[in-house]
Amino acid sequence: MWKSAKARSTNNEDWNKDMAKIEAAMDAGKAELSEIADVIIVGLGGAGASAAIAAAEAGADVVVIERTTGGGGSTAVSGGIIYLGGGTSPQVANGFSDTPNNMARYLKAAQPRANADKIDLYCQDSLAHYDWLISLGMPFNDRFYPEKHFQPMTDDTLLESGNEAAYPFPDVANPMPRGHKPGAGYAGHIVFDHLLARVNALGVRIIPDATVNALVRNESGAVVGVQYRSEGRNAVIGARKAVLLSTGGAEWNPDIAAASLLSREGVVPLGVPTADGSGIALGESVGAAVVNLDQCIVTSPFYPPESLIKGILVNVEGKRFVAEDVYHSRSSHAVLDQPGGKAYLICDNRNFGRPLLGELHAEVKHEVVGAWDNIPEMAMDLGMSADVLEKTITDYNHYAANGKDEEFHKQPKWLDPILEVPFGAIDCSVDSAYYAGLSLGGLDTDVDGQVLRPDGSAVPGLFAAGQMAPSIAIEGAAYASGLLVGTATFFGRRAGAAVARQTSRL
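First things first, this report covers the structure right here in the doc. (Residues numbered from 1 in each chain as written. Predicted model: local features only at pLDDT ≥ 70, side-chain atom pairs only at ≥ 80, totals over all residues. Heavy atoms only, no water.)

### Things to note about the overall build of the protein chain
Right, on to step 1. When its secondary structure is counted, the protein chain shows 15 helices and 20 strands.
Right, on to step 2. In terms of overall size, the protein chain behaves like a compact globule, its C-alpha atoms giving a radius of gyration of 25 Å where 506 residues would be expected to give roughly 23 Å.
Right, on to step 3. Expressed along its principal axes, the backbone C-alpha trace of the protein chain runs to roughly 85 × 45 × 40 Å.
Right, on to step 4. Long-range pairs, those at least 24 residues apart, make up 74% of the contacts in the protein chain with a sequence separation of at least 6.
Right, on to step 5. Of the accessible surface of the protein chain, which amounts to about 19100 Å², a share of 49% is contributed by carbon and sulfur atoms.
Right, on to step 6. For the protein chain, the distance from the average site of its 40 positive side-chain charges to the average site of its 60 negative ones is 7 Å. (Helix = DSSP H or I, 4+ residues; strand = E, 2+ residues; numbered from the N terminus. Rg over C-alpha atoms; globule rule 2.2 N^0.38 Å. Contact = heavy atoms within 4.5 Å. Areas by Shrake-Rupley, 256 points an atom, 1.4 Å probe, with all protein chains shown as cover. Lys, Arg positive; Asp, Glu negative; His and termini not counted. Charge placed at Lys NZ, Arg CZ, Asp CG, Glu CD.)

Printed below as a string of structure tokens:
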């Protein structure tokens, strides 16, 4: 648990002058001025906690305002995978010769819309960030999980978590596993608990169960505080240096979700209910640019078992439409692009297995439609043309026999002919399987988290970090597990250090 916020009191002349300036900037009569800090952070998830640590370690007086009692945001309920590379100790221990440049080549190819400078910074400092996480006590180890799995339940640290080994990326960069998980199962709570412990150790003041409803600006337009509501009253805290927003995503905001695939019927929000875009609205209220609202992560893993990857995904017309060895967000986005969002995974007796996602989450189902001794009967029951489905499977068997997928470039290790009866079909359609999504849009920022206006100029006194401030995870179909938690903690730290360097605006 965290420490409660306690207002600092002093009678010195500078304090009184600062208070007077904040009071002058306030909307008179609507709130009471409670205190002043160097830095105010709105939201205590992975990004907010990392920013608070960096700012406090730099000597700033930090106050965090959090809507919930316990904090954590989407980081705490995530799988806890953190995307890192460039030669971490688990990579080295398992013979993976990654470099920052190799990592950057992959990310730039996978996320061409992302800011190249942010990618370069993240990759060059990835090892240092891994060391920082270790310094917080996160229990990483040097074990590698060798199977393809969206969320291993073991405590092996290193895992493959993206499209690095899927076409066309091996032609751009050497494939490397870069998912790093500090514990067994869903480890997001482990990540956040260690961040929070350091926040508390530094004496950062935290105001829980409080909602920020306005930013306070001075006569020149600089952000110099926040107004928040707690226990039925409005209060204001002044910020000498800056305000940093880290309120998470917007997948629970229907107006924002409407611009992306999150609006599709059957796609459910994956983040915490407080991921409602409130921080984005605060930024917009002072002229911040909003970017990337059309992008989101939508995912519905059909593996493990990994043997299912050797099957084929076909649409209602009986045609393949994606390489089945891609990361599950990429295949899920591809399903959503098919007629009616309909798709089936076809496999034979050798490679069939019931998807394990339903065993981990009772509400999640990929239903097995049936088993057949021949393709025409399967096609008829699935509402497909028998001729089309037979050609699709014949072509795929030819690719498997030759070790080269001429149509979608599925890697040879996952090519296996569909020959042994009975044949099986698993319903992966959006109206049948479980599809969940996270938003990727938010406030535009520079590499230090300074919030930008549409013309590229900075909003004075305002910074942002985390899911609400797009950095590297820009295109949902090219997402890799761990990018959101990785960039939230990394750019949260960077923004926290940047706000601490600001000179007083009071």
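### Comments concerning the packing of helix 5 (residues 100-110) against helix 6 (residues 116-124)
Packed helix pairs are specified by the crossing angle of their axes together with the interaxial distance, meaning the distance between the axes.
Right, on to step 1. For the pair helix 5 and helix 6, the least separation of the axes is 9 Å and the interaxial angle reads 145°. Judged by the twist between their axes, the crossing of helix 5 over helix 6 is right-handed. Contacts from Pro100, Asn101, Met103, Ala104, Leu107 and Lys108 in helix 5 reach Ala116, Ile119, Asp120, Tyr122, Cys123 and Gln124 in helix 6.
Right, on to step 2. Each residue belonging to the contact of helix 5 with helix 6 can be placed in one class, and the counts come to eight nonpolar, two polar and two charged. (Axes fitted to C-alpha atoms, helices over the stretch in contact; angles between N-to-C directions. Left-handed = near helix turned anticlockwise from the far one by under 90°. Nonpolar A, V, L, I, M, F, W, Y, C, P; charged D, E, K, R; others polar.)

### A look at the pattern of salt bridges
Right, on to step 1. This structure, assessed with the given rule, holds 20 salt bridges.
Right, on to step 2. Between Glu57 and Arg198 there is a salt bridge; the shortest N-O distance is 2.9 Å. Here Arg198 lies in helix 8 (residues 188-201) and Glu57 lies in helix 2 (residues 46-57), a separation of 141 residues in the sequence.
Right, on to step 3. Given a relative accessible area of 44%, Glu57 falls into the partly exposed group.
Right, on to step 4. Linked by salt bridges that have partners in common, Arg320, Glu324, Asp405 and Lys410 make up one network. (Salt bridge = Lys/Arg side-chain N within 4 Å of Asp/Glu carboxyl O. Buried < 20%, exposed > 50% of the residue type's maximum accessible area, 1.4 Å probe, protein only.)

### Things to note about empty space enclosed by the protein
Left-over empty space is what a probe sized like a water molecule reveals as it rolls over the atoms.
Right, on to step 1. Within the structure shown, the criterion is met by five cavities of 30 Å³ or more.
Right, on to step 2. Roughly 60 Å³ of internal volume is contained in the largest cavity.
Right, on to step 3. Surrounding the largest cavity, Ile81, Lys148, His149, Phe150, Leu159, Glu160, Ser161, Gly162, Tyr303, Tyr327, His328 and Ser481 form its lining.
Right, on to step 4. Grouping the constituent residues of the lining of the largest cavity by class yields five nonpolar, five polar and two charged. (1 Å grid on protein atoms, 1.4 Å probe; cavity = no way out; pocket = protein on both sides within 12 Å on 5 of 7 lines; lining within 4 Å. Points joined across faces, edges and corners; volume = space filled by probe spheres on them.)

### Digging into the sheet that holds strand 4 (residues 158-159)
Right, on to step 1. Strands sit in the order 3-5-4 across an open sheet of three strands; the sheet is antiparallel. A single partner strand is all that each edge strand has here, and the edge strands are strand 3 (82-83) and strand 4.
Right, on to step 2. Sheet topology places strand 4 next to strand 5 (residues 179-180); two bridges connect them, and they run antiparallel. By the bridge assignment for strand 5, Leu159 is matched with Gly179. (Pairing = 2+ DSSP bridges.)

### Some details on the layout of surface pockets
Right, on to step 1. In this model, the second largest pocket occupies a volume close to 290 Å³.
Right, on to step 2. The wall of the second largest pocket is formed by 18 residues, among which Pro146, Glu160, Ala165, Lys413 and Trp414 lie closest to the centre.

### Points about the pairing of strand 16 (residues 423-427)
Right, on to step 1. Counting buried residues along strand 16, five of its five residues qualify, which places the element largely inside the surrounding structure.
Right, on to step 2. Of the two faces of strand 16, both are covered, the one formed by Phe423, Ala425 and Asp427 as well as the one formed by Gly424 and Ile426.
Right, on to step 3. Pairing analysis gives four bridges linking strand 14 (residues 344-347) to strand 16, with the strands arranged antiparallel. Of the residues in strand 16, the one forming a bridge with Cys347 is Gly424.
Right, on to step 4. Two elements, strand 15 (residues 368-372) and strand 16, share four bridges in a ladder whose sense is antiparallel. Each residue of the ladder has a partner; that of Val368, found in strand 16, is Ile426.

### Focus: the packing of aromatic side chains
Right, on to step 1. Taken as a whole and assessed by the stated rule, the structure comprises eight aromatic pairs.
Right, on to step 2. Taking 5.1 Å as the distance between ring centres and 70° as the angle between the ring planes, the aromatic pair formed by Phe96 and Phe144 counts as edge-to-face. With Phe96 in the loop between helix 4 (89-93) and helix 5 and Phe144 in the loop between helix 7 (126-135) and strand 4, this pair connects stretches of sequence that are 48 residues apart.
Right, on to step 3. Look at Phe144 and you get partly exposed, because its relative accessible area is 24%. (Phe/Tyr/Trp six-rings, centres within 6.5 Å; stacked < 30°, edge-to-face > 60°.)

### Let's talk about the side chain of Ser161
Right, on to step 1. Structurally, Ser161 is set in the loop between strand 4 and strand 5.
Right, on to step 2. Residue class for Ser161 comes out buried when judged on its relative accessible area of 4%.
Right, on to step 3. Polar side-chain contacts of Ser161 include one of 3.5 Å to the backbone nitrogen of Gly179. (Polar contact = N/O pair within 3.5 Å; in protein donor to acceptor, adjacent residues only side chain to side chain.)

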